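Analysis of the macromolecular model
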Amino acid sequence: MDNILNKASGFGWLEVVSWIMENGPEINTVGSAFENACVSCEIDIVKCLQDKISRDNIQTGLLTACHYGFEEIVEVLLDSLNHEHLDIAILLNEACRRGAQTVVEVLLRKVDNALFDKRAAINEACKSELPEDLVHFLIKDLQNNDFDNEVVSENARKYRWTKVLMQLKRMS
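Because the structure is predicted, anything quoted here is derived from the model rather than measured.

**Describing the nonpolar core**
Leu49, Val74, Leu78, Leu107 and Val152 are the most contacted members of the largest nonpolar core, which totals 54 residues. Once residues within four sequence positions are removed from consideration, Leu107 is found in contact with Cys66, Val74, Leu78, Leu91, Leu92, Ala95 and Phe116.

**A word on the packing of aromatic side chains**
The full count for this structure, using the stated rule, is three aromatic pairs. Ring geometry for Tyr159 against Trp161: centres 5.3 Å apart, planes inclined by 35°, an arrangement best described as tilted. Overall, the relative accessible area of 2% leaves Trp161 in the buried class.

**Observations concerning the pattern of salt bridges**
With the rule as written, the count across this model stands at seven salt bridges. Taken together, the salt bridges that share partners define one network made up of Glu75, Asp79, Arg109 and Lys110.

**Focus on the packing of helix α10 (residues 132–139) against helix α12 (residues 162–171)**
Where α10 meets α12, the axes come as close as 8 Å, and the angle between the chain directions of the two elements is 20°. The orientation of α10 relative to α12 falls into the category roughly parallel. Seen along the crossing, α10 lies across α12 with a hand that is left-handed. Contact with α10, carried on its side by Glu132, Asp133, Val135, His136 and Ile139, involves Thr162, Lys163, Val164, Gln167, Leu168, Arg170 and Met171 of α12 and no other residues of that element. Within the contact of α10 with α12, the residues separate by chemical class into five nonpolar, three polar and four charged.

**Here's the deal with α10**
With six of eight residues buried, α10 lies mostly within the body of the structure. Here α10 has its buried residues at Glu132, Leu134, Val135, His136, Leu138 and Ile139. At its buried positions, α10 is contacted by α7 (88–98), α8 (101–110), α9 (118–125), α11 (149–159) and α12.

Thresholds, definitions, all that
Residues numbered from 1 in each chain as written. Predicted model: local features only at pLDDT ≥ 70, side-chain atom pairs only at ≥ 80, totals over all residues. Heavy atoms only, no water. Core = buried A, V, L, I, M, F, W, Y, C linked by side-chain atoms within 4.5 Å. Buried < 20%, exposed > 50% of the residue type's maximum accessible area, 1.4 Å probe, protein only. Contact = heavy atoms within 4.5 Å. Phe/Tyr/Trp six-rings, centres within 6.5 Å; stacked < 30°, edge-to-face > 60°. Salt bridge = Lys/Arg side-chain N within 4 Å of Asp/Glu carboxyl O. Axes fitted to C-alpha atoms, helices over the stretch in contact; angles between N-to-C directions. Helix = DSSP H or I, 4+ residues; strand = E, 2+ residues; numbered from the N terminus. Parallel < 35°, antiparallel > 145°, perpendicular 65-115°, else oblique. Left-handed = near helix turned anticlockwise from the far one by under 90°. Nonpolar A, V, L, I, M, F, W, Y, C, P; charged D, E, K, R; others polar.

Below, the structure is given as structure tokens:
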């Protein structure tokens, strides 16, 4: 039964998951099924299981959603719990590292910005050549002392991020 719960969660079979949950699966399996649902972006399964799992499973599910850029899952989970019990900085850094701008926007909109370090997040975004738009988004409303200008400038030149270079020029 527990193996079926894991498979059904990954495939988005809500009726199967609901039936198994009504018939009492092992608690360890519910966390694994939740994580499968997060990896597969099965939002209905995530909603079904989110109240039946541990905080660690939620953190892992959120990290997975940040990694893959599943902003819908991030938003649903953030709406349902106290953010102070999570390591929001790790989530923001992962979204930045992966260039998942929509997830970053959800995190910045939904979570108290005092719970993470924007400077570290910008540095993570600069480690990859992918996220020019993300880096531009992060720095456009900040002051020069809110981020490491040298790191951003160096990476903007390295990756030829023209929008970021222009923004840095306007800020100086």
